[in-house]
Amino acid sequence: MPRYRPHVAARPSWRCRVCGAAWPCSPARLALLGEYRENRTNLLIYLGTLMHEAMADLAALSGQDAPEGLPDRFLSWARAR
């Protein structure tokens, strides 16, 4: 029986350690929504903090500014509907 492996970010690339997709990948998003289902505000604060860490890591990797689209990647999906 396969063991569940959490979809977490591999830093400094911010790719998922399990599936290789840009983190937060779909499985990570579902897990985070479940974990923070009672407090969406705390989820957004947590994701905002990680987004700023990703900006610094990705800018250092590329030697340029952080890639565009990080707010969509990290925050827009987690807003209350």
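In the block above lies the structure referred to throughout.
Here is a short report on the structure shown in this document. Keep in mind the model is a prediction, meaning the values are calculated, not measured.

Counting its regular elements, the protein contains three helices and two strands. In the protein, the succession of α and β elements from N to C terminus is β-β-α-α-α. Here the C-alpha coordinates of the protein stretch approximately 40 × 35 × 15 Å along the principal axes. Considering the protein as a whole, with its 81 residues, one finds that 30% of them fall into the buried category.

Evaluated as defined, the whole model comprises one salt bridge. Put simply, E53 and R11 hold a salt bridge, and the shortest N to O gap is 2.8 Å. Within this pair, whereas E53 is found in helix 2 (residues 40–62), its partner R11 is found in the loop between strand 1 (9–10) and strand 2 (15–16), the two being separated by 42 residues in sequence. E53 sits in the partly exposed class, given a relative accessible area of 32%. Residue R11 is classed as partly exposed on the basis of its relative accessible area, which comes to 45%.

Let us look at the environment of S26. Along the chain, S26 turns up in helix 1 (residues 26–35). The spacing of S26 and Y36 is 10 residues in sequence and 15 Å in space, taken between C-alpha atoms.

Our next topic: helix 2. With 23 residues, helix 2 should cover 33 Å at 1.5 Å per step; its first-to-last C-alpha distance of 32 Å lies within 8% of that length. Where helix 2 is concerned, the buried positions are L43, L47, G48, L50, M51, A54 and L58. Those residues of helix 2 that are buried are in contact with helix 1 and helix 3 (70–74). G63 sits one or two positions beyond helix 2 and adopts a positive phi of about 75°.

Basis of the calculations
- Residues numbered from 1 in each chain as written.
- Predicted model: local features only at pLDDT ≥ 70, side-chain atom pairs only at ≥ 80, totals over all residues.
- Heavy atoms only, no water.
- Helix = DSSP H or I, 4+ residues; strand = E, 2+ residues; numbered from the N terminus.
- Buried < 20%, exposed > 50% of the residue type's maximum accessible area, 1.4 Å probe, protein only.
- Salt bridge = Lys/Arg side-chain N within 4 Å of Asp/Glu carboxyl O.
- Expected span 1.5 Å × (residues − 1).
- Contact = heavy atoms within 4.5 Å.

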